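# What the coordinates show
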2 protein chains.
Amino acid sequence: MSKKIYVVGIGPGGYEQMTIRAASVLEKCDIIVGYTVYVDLIAEHFPGKEMLTTPMRQEEKRCRMAFEEAGKDRQVAMICSGDAGVYGMAGLIYEIGMDYPDVAVEIISGVTAALSGGAVLGAPLMHDFAVISLSDLLTKWELIEKRLAAAAAADMVICLYNPSSKKRKDYLNRACRIIMRYASPDTVCGVVRSIGREGEKYQIMTLAELADYGADMFTTVFIGNSTTRIINGKMVTPRGYSHKQKTGQE
Amino acid sequence: MSKKIYVVGIGPGGYEQMTIRAASVLEKCDIIVGYTVYVDLIAEHFPGKEMLTTPMRQEEKRCRMAFEEAGKDRQVAMICSGDAGVYGMAGLIYEIGMDYPDVAVEIISGVTAALSGGAVLGAPLMHDFAVISLSDLLTKWELIEKRLAAAAAADMVICLYNPSSKKRKDYLNRACRIIMRYASPDTVCGVVRSIGREGEKYQIMTLAELADYGADMFTTVFIGNSTTRIINGKMVTPRGYSHKQKTGQE
């Protein structure tokens, strides 16, 4: 049998929001490796399956554990929340995989929070958008600022991951103030918390209100572009069809 | 029974790449509405289900057909490829829904091409990224140029949708030339064609090579940031863990 690691995006957390392919890979693999919280989210759906967990911030250790298991000719699934390739483990698995050339890697994509959160809010990402993490654990804050400013100046919708943590309580406020240099304080924004999990909540507000919003690490934030509006309580960025139809273009 | 439209992202095309929730919604609905090509992709998995199709560019008509069916107390699924909220039908459904206030709308998210294509290429989207459509059917080219320049100047990974069509053969070349004002011509790029469908193909190349690449409307394009590199033939944007470990931070 070939040695293989599947890096599997499980979506926002609910079993139903994972792809059919993700579920069938988890079903057939010998062992599931992941961050404790994500493994707990799915464990009940794969009873009897061997699970290996590590706490947060032990990403490299988790990857090496996965490769060691695969080296024993076991089919290994490394799970990530959302998509494996968006702030997930796919990149690190390829990097560490250089030390384990006999183990094949396959990425199984999943629904990232920009998509699952967008669906809860309405349709905020109907036009060009940027996905930016506010975590400066692995990125200099100056570069994050530059990206926020660039996206706002080009009137792109912005989806923020990791908007806050215990050590970074004011980061969302700082981000909003940068964006307000280019966008109206009335810009339509939305937040979603615990997407697809128990206690899911969303709220739509202005950019000025978002600046004072108390986001936590389970929150995903959406900042509209200049055309984003509220329709029946939902956050919608029009793509332009209506305009086209009015002007008779096709 | 309440009148309802589900707007369902079916992922890149293969049945296995749709979420379990998407499949169960399609299973239980009375009628599936969609663009002919997408309905054909999934029809065999829902035998006997009533299907209503319209050709491309008849988006508003397709939405109104869906609302008319829902008005007859039928559960309607409007399908989109990828995610319903990323250049899909979710926004237009909300806009047209203003004319049908008694019909509820629910968005079922799916794996958009940025994620499914990224998984084929490796892990290109591991860091902040922008998703930009090169179609100027609904957006002025000047705004598209501005967004390309902004994303490139801020060293974001860029994923391009609709990189080409019969009428826009040189758009990808124009986009690459704008990006090369800020990014090295050696920047690692990738293209994926027919993601998750028969004939899926991917190729990794430099930005200079991408400028002369003959993309078509089934191609999704990825332009790396300054740190993106090739590992074992895959396109990988490191998130920074390795660097962190080397400098001893945690």
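Definitions and cut-offs
Residues numbered from 1 in each chain as written. Chains lettered and ligands numbered in written order. Predicted model: local features only at pLDDT ≥ 70, side-chain atom pairs only at ≥ 80, totals over all residues. Heavy atoms only, no water. Helix = DSSP H or I, 4+ residues; strand = E, 2+ residues; numbered from the N terminus. Rg over C-alpha atoms; globule rule 2.2 N^0.38 Å. Buried < 20%, exposed > 50% of the residue type's maximum accessible area, 1.4 Å probe, protein only. Contact = heavy atoms within 4.5 Å. Lys, Arg positive; Asp, Glu negative; His and termini not counted. Charge placed at Lys NZ, Arg CZ, Asp CG, Glu CD. Buried area = accessible area lost by both parts, 1.4 Å probe. Salt bridge = Lys/Arg side-chain N within 4 Å of Asp/Glu carboxyl O. Polar contact = N/O pair within 3.5 Å; in protein donor to acceptor, adjacent residues only side chain to side chain. Nonpolar A, V, L, I, M, F, W, Y, C, P; charged D, E, K, R; others polar. Pairing = 2+ DSSP bridges. Core = buried A, V, L, I, M, F, W, Y, C linked by side-chain atoms within 4.5 Å. Axes fitted to C-alpha atoms, helices over the stretch in contact; angles between N-to-C directions. Parallel < 35°, antiparallel > 145°, perpendicular 65-115°, else oblique. Left-handed = near helix turned anticlockwise from the far one by under 90°. Least-squares fit on C-alpha atoms with pLDDT ≥ 70 in both. pLDDT = per-residue confidence, 0-100. Phe/Tyr/Trp six-rings, centres within 6.5 Å; stacked < 30°, edge-to-face > 60°. Lys NZ or Arg CZ within 6 Å of the ring centre and 35° of its normal.

To continue, consider the overall build of chain A. Helix and strand counts for chain A stand at 9 helices and 13 strands. Taken over the C-alpha trace, chain A has a radius of gyration of 20 Å; the compact-globule value for 250 residues is 18 Å, and the two agree within 12%. Its C-alpha atoms give chain A principal-axis dimensions of about 60 × 40 × 35 Å. Across the 250 residues that make up chain A, the buried fraction comes to 60%. Across chain A, the fraction of contacts at a sequence separation of at least 24, relative to all contacts at a separation of at least 6, is 68%. Separation of charge centres in chain A, based on 29 positive and 29 negative side chains, amounts to 3 Å.

Once that is clear, we can look at the interface of chain A and chain B. Chain A puts 69 residues into the contact, and the matching count from chain B is 69 residues. Taken over both partners, the interface formed by chain A and chain B buries close to 6,400 Å², and the fraction arising from carbon and sulfur atoms is 59%. Along the contact surface separating chain A from chain B lie 6 salt bridges. Two residues, Arg229(A) and Glu95(B), come together in a salt bridge whose shortest N-O distance is 3.3 Å. On inspection of chain A and its partner chain B, the count reaches 30 residue pairs in polar contact (both at pLDDT 80 or more). Its residues assigned to classes, the side of chain A that touches chain B comprises 34 nonpolar, 19 polar and 16 charged. Two strands pair when backbone bridges link them, and strand 7 (residues 129-133) of chain A and strand 7 (residues 129-133) of chain B are joined in this way by 3 bridges, in the antiparallel orientation. The residue of strand 7 of chain B that forms the bridge with Ala130(A) is Ala130(B).

Residue and element names in this part refer to chain A. Across the sheet, which stays open at both edges, the 3 strands sit in the order 6-13-12 with mixed pairing between neighbours. Lying at the two open borders of the sheet, with one neighbouring strand each, are strand 6 (122-123) and strand 12 (229-231). Both strand 6 and strand 13 (residues 234-236) contribute to a ladder of 2 bridges, which runs parallel. Each residue of the ladder has a partner; that of Ala123, found in strand 13, is Val236.

Next up on the list: the nonpolar core. The nonpolar side chains of soluble globular proteins are, as a tendency, buried together. Membership of the largest hydrophobic core comes to 60 residues, with the highest contact counts inside it found for Leu160(A), Leu210(A), Leu160(B) and Leu210(B). Setting aside residues up to four positions removed in sequence, Leu160(A) forms contacts with Ile132(A), Leu134(A), Leu148(A), Leu172(A), Ala175(A), Thr220(A), Val221(A) and Ile223(A).

Attention now goes to the packing of helix 6 (residues 141-153) of chain B against helix 7 (residues 171-179) of chain B. Residues and elements named next belong to chain B. At their nearest, the axes of helix 6 and helix 7 sit 9 Å apart, and the two run at 40° to each other. By the angle between their directions, the pair helix 6 and helix 7 is classed as oblique. As helix 6 packs across helix 7, the resulting crossing turns out to be right-handed. Residues Trp141, Glu145, Leu148, Ala149 and Ala152 of helix 6 lie in contact with helix 7, whose contacting residues are Tyr171, Arg174, Ala175, Ile178 and Ile179. The residue makeup of the contact of helix 6 with helix 7, split by class, is 8 nonpolar, no polar and 2 charged.

Our focus in this paragraph is the sheet that holds strand 6 (residues 122-123) of chain B. Residue and element names in this part refer to chain B. Strand order in this open sheet of 3 strands is 6-13-12, and the pairing throughout is mixed. With partners counted over all chains shown, the strands left at the sheet margins are strand 6 and strand 12 (229-231), one partner each. Taken together, the 3 bridges between strand 12 and strand 13 (residues 234-236) define a ladder with antiparallel strand orientation. Each bridged residue has a counterpart across the sheet, and for Arg229 the counterpart in strand 13 is Val236.

We now examine the relation of the copies chain A and chain B. Superposing chain A onto chain B takes a rotation of 180° plus a shift of 0.0 Å along the axis, which leaves an RMSD of 0.0 Å. Such a turn and shift between the copies fits a two-fold axis. Interface overlap between copies: 100% of the residues of chain A at the interface are likewise at the interface in chain B, consistent with a symmetric, same-surface contact.

Turning our eyes to something else, we now look at the confidence of the model for chain A. When pLDDT drops low, the exact placement of atoms in the prediction is not to be read closely. Residue and element names in this part refer to chain A. When pLDDT is averaged along chain A, the result is 93, and 95% of the positions lie at 70 or above. Considering only residues more than four positions removed or in separate chains, one finds that residues 241-250, a stretch of pLDDT under 50, has 11 contacts. The complex model carries a pTM of 0.95, and its ipTM stands at 0.95.

Okay, the pattern of salt bridges next. Inspection of every chain in the model, using the stated rule, returns 26 salt bridges over all chains. Note that Glu60(A) and Arg64(A) form a salt bridge whose closest N and O atoms lie 3.0 Å from each other. With Glu60(A) and Arg64(A) both in helix 3 (residues 59-71) and 4 residues apart, the pair spans about one turn of that helix. Arg21(B) serves as the salt-bridge partner of Glu106(B), at 2.8 Å between the closest nitrogen and oxygen. In this pair, Glu106(B) is assigned in strand 5 (residues 104-108) and Arg21(B) in helix 1 (residues 20-28), connecting sequence segments 85 residues apart. Three or more residues are tied together by salt bridges with common partners; here these are Lys4(A), Arg21(A), Glu106(A) and Glu16(B).

The next point concerns the packing of aromatic side chains. Taken as a whole and judged by the stated rule, the model has 10 aromatic pairs over all chains. Ring centres of Tyr87(B) and Tyr161(B) lie 5.2 Å apart, and the angle between their planes is 50°; on these two criteria the pair is classed as tilted. One end of the pair, Tyr87(B), is in the loop between strand 4 (75-80) and helix 4 (90-97); the other, Tyr161(B), is in strand 8 (residues 157-161), with 74 residues separating them in the sequence. Using a relative accessible area of 12% as the deciding quantity, one classes Tyr87(B) as buried. Over the aromatic face of Tyr171(A) sits the side chain of Arg174(A), whose NZ or CZ is 4.8 Å from the ring centroid.

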